[in-house]
Amino acid sequence: MPEPDGAGGGPTRPGRRVRLAILISGRGSNMEAIARAAQASDYPAEVVLVVSNRAEAAGLARAAALGVPTAVVPHREFPSREAFEEALHALLAAHRVEAVALAGFMRVLTEGFVRRWEGRMVNIHPSLLPLYPGLDTHARALAAGDREAGATVHLVTPVLDSGPVLAQARVPVLPGDTPETLAARVLEAELALYPRAIADWLRPWAAAG
Ligand code: GAR
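Just so it is clear, the structure is predicted and the values come from calculations on it, not from any experiment.

**A few points about the overall build of the protein chain**
If you tally the helices and strands in the protein chain, you get 6 helices and 7 strands. What you see in the protein chain, going N to C, is helices and strands ordered as β-α-β-α-β-α-β-α-β-α-β-β-α. Over its C-alpha atoms the protein chain spans a radius of gyration of 17 Å, differing by no more than 12% from the 17 Å that the globule rule assigns to 209 residues. Scored against the burial criterion, the 209 residues of the protein chain give a buried share of 50%. Nonlocal contacts in the protein chain, meaning residues at least 24 apart in sequence, comprise 67% of its contacts between residues at least 6 apart. Counting only carbon and sulfur atoms, one obtains 56% of the accessible surface of the protein chain, whose full area is about 9700 Å². Seen as two clouds, the 21 positive and the 22 negative side-chain charges of the protein chain have centres 4 Å apart.

**Points about the environment of E77**
Within the secondary structure layout, E77 lies in the loop between β3 (70–72) and α3 (81–94). Using a relative accessible area of 65% as the deciding quantity, one classes E77 as exposed.

**Some points on the site of the ligand**
All residues in the neighbourhood of the ligand are listed as R27, G28, S29, N30, G104, M106, I124, H125, P126 and E190. Here R27 contributes a side-chain N or O atom positioned 2.6 Å from an oxygen atom of the ligand. Within the backbone of N30, one N or O atom sits 2.9 Å away from an oxygen atom of the ligand. For the ligand, the protein covers 86% of the area, taking 450 Å² as the surface of the free molecule. Every element with two or more residues in the shell around the ligand is listed here: α1 (29–37) and β5 (121–125).

**Some points on the nonpolar core**
L20, I22, V47, Y194 and I198 are the most contacted members of the largest nonpolar core, which has 44 residues in total. Filtering out sequence-adjacent residues up to four positions away, I198 remains in contact with L20, I34, Y43, A101 and V122. In this structure, A21, L49, V73 and F113 belong to the second largest nonpolar core, which totals 21 residues.

**Comments concerning the confidence of the model for the protein chain**
Here the protein chain averages 94 in pLDDT, and 93% of its residues register 70 or above. Note that pLDDT drops below 50 for residues 1–12; the model gives that stretch 22 contacts with residues more than four away or on any other chain.

**Some points on the sheet that holds strand β2 (residues 45–52)**
Read from one edge of the open sheet, 7 strands run β3-β2-β1-β4-β5-β6-β7, paired in mixed fashion. Since the sheet does not close on itself, it has two edges, and those belong to β3 and β7 (165–172), each with one partner. Within the sheet, the average angular offset between the axes of one strand and its neighbour, ignoring direction, is 20°. In the packing of α1 onto the sheet, contacts are made with β1 (18–24), β2 and β5, and the angle to β1 comes to roughly 160°. Running at roughly 155° to β7, helix α6 (residues 179–208) makes contact with β1, β2, β4 (99–102), β5, β6 (148–155) and β7 of the sheet.

What counts, and at which threshold
- Residues numbered from 1 in each chain as written.
- Predicted model: local features only at pLDDT ≥ 70, side-chain atom pairs only at ≥ 80, totals over all residues.
- Heavy atoms only, no water.
- Helix = DSSP H or I, 4+ residues; strand = E, 2+ residues; numbered from the N terminus.
- Rg over C-alpha atoms; globule rule 2.2 N^0.38 Å.
- Buried < 20%, exposed > 50% of the residue type's maximum accessible area, 1.4 Å probe, protein only.
- Contact = heavy atoms within 4.5 Å.
- Areas by Shrake-Rupley, 256 points an atom, 1.4 Å probe, with all protein chains shown as cover.
- Lys, Arg positive; Asp, Glu negative; His and termini not counted.
- Charge placed at Lys NZ, Arg CZ, Asp CG, Glu CD.
- Near = heavy atom within 4 Å.
- Polar contact = N/O pair within 3.5 Å; in protein donor to acceptor, adjacent residues only side chain to side chain.
- Core = buried A, V, L, I, M, F, W, Y, C linked by side-chain atoms within 4.5 Å.
- pLDDT = per-residue confidence, 0-100.
- Pairing = 2+ DSSP bridges.
- Axes fitted to C-alpha atoms, helices over the stretch in contact; angles between N-to-C directions.

In structure tokens form, the structure reads like this:
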């Protein structure tokens, strides 16, 4: 896979662990599930950094409690989206990050940033894509009368929530569901899905050295 500018690289050996960063904006339950899975010695990635664009993100404390280094790149303090992303990219490069997982990261990324990480960045989205890209996925599934919902792990491409699908998890929509009850059921599925999907995605890469 191609190296992003200035990141990754260095000598490698078979069976190594890919240097993974997780980007969050809030609660961080998916981040925690990945970081916990990565505590196993045979997991093909190590979580070398958790980055939030919001200093108040609860996930930062959850990462710190697991001993994972954290950083904040506060998007509001940058004059443009590009300047924010330049700082983010520099931080990832400084930590020799090779792959990125978006986990409840609620900033739209520009095409320029996405291209720099193309093939090396995944996202989890709380719907069965291509259904319901964007926000309010659970309310939209309920309004449509869907009988099942779920989550999708996909490679990030410049078009929002549209990259190649790596894995999906399905859950039933139950009578009386609200967006909140459905979100909780989907989240439970996400926490099992995302660490496994990342492992499947990175294992060949790690094995190749
Ligand atoms: C998750 O449900 C994730 O799928 C969703 O935000 C939640 C984050 O929760 N992501 C998106 O909506 C991205 N468009 P978490 O911070 O507790 O993992």
